[in-house]
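What the coordinates show
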Amino acid sequence: MLRLLVTWALTFLALLVTAALLPGFTSTSWWPLAAASAVAGLVGMVVRPVLVHVAAVIGWIAVAVATLIGQAVVMQIAMDIVPGASFDSFWTAVAAAWMTAAFGTVLAWLASAGTDESFAASLLRIKPSEIPDPDVDGVVFVQLDGVAFPVMQWVLQSGTMPTLRRWTDEGSHAVHEWTVQMPCTTPASQQAILQGSADGVPAFRWYDRELGRVLVANRPADASIIESRASTGHGLLADDGVSVSNLFTGDAPKASMTMSRLEVARGSRRTRQVFARFLIRPDGLVRSFSRTIAEMARERFQATRQRRLHVHPRVHRSWTFAGLRAFSNCLLRDLNTAVVSEEMMRGARSIYVDYVDYDEIAHHAGGTRIESLAALGGLDQVLTILEKVAQRAPRNYHLVLLSDHGQSQGEPFALRHGIELSDLCRSLTDSQTTGIEAGIEGWGRVDSVLEDLGRTGTTAMQQAASRRVDKVLKPEGTDSEGAELIVLASGNLGLVYVPVAERLLLEEIEAQWPALVPGLVAHPGVGFVSALSEAGPVVIGRDGRRHLTTGVVEGVDPLLTFGDHAPAMLATATLMERAPELYVNSTFDLDTTEVAAFEPLVGCHGGLGGWQDRGFVLAPPHLLAPSEPIVGGDELHQHLVAILTALGHRTELQRSTL
């Protein structure tokens, strides 16, 4: 009741200011405006659900139109009902609606930190559905993208994430470390966690010999191909699960903003409905717009501060990144939370959602920098909202948090040594070499929303997204069709492919380009090179080599500083059918834990070294209490499946395998 009164008062004040400033908006006195504010609230309760339903059925263009004029329709009806106030035209009503929403948002912000409270309240008003099995508990898997186990320990100790700290203090949750497989990338980890195996995913992007082209995991058509190769029909989310903002579905029957599903059926009515419900609210679009502008301004200030203080290492932080950061930390975060809340109120058995806020900032600012850690504080507020929604949902939900990988930090390879990895390979071989080393991970998150909001067919936005990715895959001045070598970057892991039908062995590489491997391992920015030889997988360093299957070391072990798990991880990756001819891992400074990304990123993940292979999982102790270390996403998948099985999920799936 108090919230309603405050909302009415703020709307009235905003309407009063709008009437004073906007020509064509007249009123006989202040009381018609006060009455209109109250009536508009009642009319909106009736009109907005109708607009949301119609817009979701028609498509994203209708969502855009409803966003622009929906509140104007509400205000026009209210003015027609209340005597003493009027607009001279409908377009005046549109202008008044926008101005009122803007003033109202500003007033609400000044009155209290109420924007997040208002958003949470709107989600809590979603009506719970009737479900046939309320006795079966549900699980919401929340992936905090890129958060390393040491970072999670840090924020728990410092109290940066008070909700999580409360959970661990009360004993409702416990945090565990898991060792990420190589490559330490979202595609490999998500495929392993959701589908049960990382096999077939050698990096974030790779040359696919079967298709004869480069595959990129965050491109819808490619994500669909990747998942089709890995899917068994029994993925983590196969039993009435929902995939939200992921690369792959985990065989979920329902998916929203998930890359692999977009190519199959573009345009999710559910996503459009949630999006429309959020934006048609008078404070929805203005809230997102104001937060986006504020986030961009915050990013530009922080980037300038890094330069002014000569922070090292650092990379150039462009306006493009500022926009991507604002998108992931504002609109996408709210949209993910809204979709997850809707599905919880619907009673979905399991939900897996990926929040990329921290990962996006850490790539450009550094994983331990203040702005990156601040993003985790914002995600803690999201967890508070989901906790409240869970209390009203039609089934009891358990929240399980996990990361897909960590991040390692350091000055990029090209900045440190003045040469790209592809140029180094070109100089050592004198061959036609195509290098694809630009970062495009953030763009995929934008594309997933644009694709999912679109109806069937290709929209102008989707065409623009495809052109942007194609430009990265076919850099100017290179001819990938006639290339003898294709060099790809995935964090501090480089991949060197010979684009032929069959993978070449190390001996064949040495015969054709005798200076390539010796030149790479002699470079001060390269830690080791691994390849498949006639005797099996081998890793070569500056002063020695190691046979990965037998463990025999000649000279100095190249993996000496990379941890006890490194040989097994690298052996598995090198033996992978779709692995490159050469894996190239950057140097790793054991004292500073710094690596050197082959992409223009200060925070990275992909290879070995640093915190990138140290993931975390935080879950209720009665559901997850591993007696042995969790090694690889496939083992983590088994633990998560065991959680679902213990709660009574997957009974039909188990019968189908008998």
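Notes on the structure follow. (Residues numbered from 1 in each chain as written. Predicted model: local features only at pLDDT ≥ 70, side-chain atom pairs only at ≥ 80, totals over all residues. Heavy atoms only, no water.)

The subject of this paragraph is the environment of Pro134. With respect to the element layout, Pro134 can be found in the loop between α5 (114–124) and β3 (138–144). For the pair Pro134 and Arg349, spaced 215 residues apart in sequence, the C-alpha separation works out to 9.8 Å. Filtering out sequence-adjacent residues up to four positions away, Pro134 remains in contact with Pro394 and Arg395. (Helix = DSSP H or I, 4+ residues; strand = E, 2+ residues; numbered from the N terminus. Contact = heavy atoms within 4.5 Å.)

Along a regular strand, successive side chains alternate from one face of the sheet to the other. Examined bridge by bridge, strand β4 (residues 174–179) and strand β21 (residues 614–619) share six bridges and lie antiparallel to one another. Each residue of the ladder has a partner; that of Glu177, found in β21, is Phe616. Judged from the two bridges that link them, β4 and strand β22 (residues 630–631) form a sheet pairing that is parallel. Counted as the bridge partner of Thr179 is Val631 from β22. (Pairing = 2+ DSSP bridges.)

A surface patch of nonpolar side chains, about 440 Å² in accessible area, is lined by Leu13, Leu16, Trp30 and Trp31. Those elements that place two or more of their residues in the nonpolar patch are α1 (2–21) and α2 (30–58). Topologically, Trp30 is positioned in helix α2. Trp30 gets classed as exposed once you look at its relative accessible area, which sits at 56%. (Patch = residues over 30% accessible without salt bridge, like charges linked within 9 Å, V, L, I, M, F, W, Y side chains within 5 Å. Areas by Shrake-Rupley, 256 points an atom, 1.4 Å probe, with all protein chains shown as cover. Salt bridge = Lys/Arg side-chain N within 4 Å of Asp/Glu carboxyl O. Buried < 20%, exposed > 50% of the residue type's maximum accessible area, 1.4 Å probe, protein only.)

On to the packing of helix α13 (residues 319–346) against helix α14 (residues 357–365). A packed helix pair is summarised by two numbers, namely the angle formed by the two axes and the spacing between the axes. Put simply, α13 and α14 touch, their axes get as near as 9 Å, and they point 165° apart. One element, α13, and the other, α14, form an angle in the roughly antiparallel class. Handedness of the crossing formed by α13 with α14: left-handed. Along the contact surface, α13 presents Phe321, Leu324, Arg325, Ser328, Asn329 and Arg333, while α14 presents Asp357, Glu360, Ile361 and His364. Residue composition of the contact of α13 with α14, by class: three nonpolar, three polar and four charged. (Axes fitted to C-alpha atoms, helices over the stretch in contact; angles between N-to-C directions. Parallel < 35°, antiparallel > 145°, perpendicular 65-115°, else oblique. Left-handed = near helix turned anticlockwise from the far one by under 90°. Nonpolar A, V, L, I, M, F, W, Y, C, P; charged D, E, K, R; others polar.)

A few words on the sheet that holds β4. With mixed pairing, the eight strands of this open sheet are ordered in space as β8-β7-β9-β3-β10-β21-β4-β22. With one partner strand each, in any of the chains shown, β8 (254–256) and β22 form the two edges of the open sheet. Helix α8 (residues 186–195) contacts β3, β4, β9 (350–355) and β10 (397–402) of the sheet and is inclined by roughly 170° relative to β9.

Pairing within the open sheet is mixed, and its eight strands lie in the order β12-β13-β14-β19-β15-β16-β17-β18. Edge positions in the sheet fall to β12 (433–436) and β18 (553–555), since each has one partner strand and no second. When the angles between neighbouring strand axes are averaged without regard to direction, this sheet yields 15°. Judged from the four bridges that link them, strand β14 (residues 493–497) and strand β19 (residues 582–586) form a sheet pairing that is antiparallel. Within the sheet, the bridge partner assigned to Val496 lies in β19 and is Leu582. Lying on the sheet, helix α22 (residues 566–575) is in contact with β15 (526–533), β16 (536–540), β17 (544–547) and β19; it crosses β15 at an angle near 50°.

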